[in-house]
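If you want the building blocks of each chain, they are given just below.
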Amino acid sequence: MIVSVDGLLLYWTGLEHAGPVTKREEVAEHRAAIVSGMATLADEAARQDRAGAALRTLIEGEDGWLVLGRAGANSYLALSANKGADVGALGYQLSLLAGQLGGQLDAARRLSASRYQAPEEGSP
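The structure contained in this document is the topic of the report that follows. (Residues numbered from 1 in each chain as written. Predicted model: local features only at pLDDT ≥ 70, side-chain atom pairs only at ≥ 80, totals over all residues. Heavy atoms only, no water.)

### Description of the pattern of salt bridges
Our working definition: Whenever Lys or Arg places a side-chain nitrogen within 4 Å of a carboxyl oxygen from Asp or Glu, that contact is recorded as a salt bridge. Runs of E in the DSSP output that reach at least two residues are strands. Runs of H or I that reach at least four are helices, and both are numbered from the N terminus. The buried label applies to any residue whose accessible area, calculated with a 1.4 Å probe on protein chains only, is under 20% of its type's maximum; exposed applies above 50%, and partly exposed to all values in between.
Overall, the coordinates contain 2 salt bridges when judged by the stated rule. Taking the shortest distance from any N to any O, the salt bridge between aspartate 43 and arginine 70 comes out at 2.5 Å. Taken together, the residues aspartate 43 in helix H1 (residues 21–48) and arginine 70 in strand S4 (residues 64–70) connect sequence positions 27 residues apart. Owing to a relative accessible area of 6%, aspartate 43 belongs among the buried residues under this scheme.

Here's what the structure looks like:
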């Protein structure tokens, strides 16, 4: 999954276990919001500890792993794996992929509404 820092789902694959495509899209959108929130919390925790921005976040569940990694300035990569996966290899491969694709996958930050100015009347 690739997610913008503000939770916009940019790309996803998998989730076959979630049912039909429409249900998988709904699950992917929901997970994008979770990934963005978790990554934001990890960033803030790292900054509070004066460790800089969080580069990777690892969540160990009873039955598997969720690994989040920064991909450029405004995007995150996220992957999930079953409990038997080699978590060190997952983190390493996620870092390689993020490094290779981060600039291409990075989403530009959206302007806040207060910074947006509507075009003047009569302008193209």
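### What to know about the nonpolar core
Quick reminder of the rule: We define a nonpolar core as any set of buried Ala, Val, Leu, Ile, Met, Phe, Trp, Tyr and Cys residues linked to one another through side-chain atoms lying within 4.5 Å.
Core analysis: the largest hydrophobic core is formed by 13 residues, its most contacted members being Met1 and Val35. Counting residues per element, the ones that place at least two in this core are H1 and strand S5 (75–82). With 5 residues, the single largest contributor to this core is H1. Counting residues in hydrophobic clusters, the runner-up holds 8 residues, among them Ile2, Ala81, Leu90 and Leu94.

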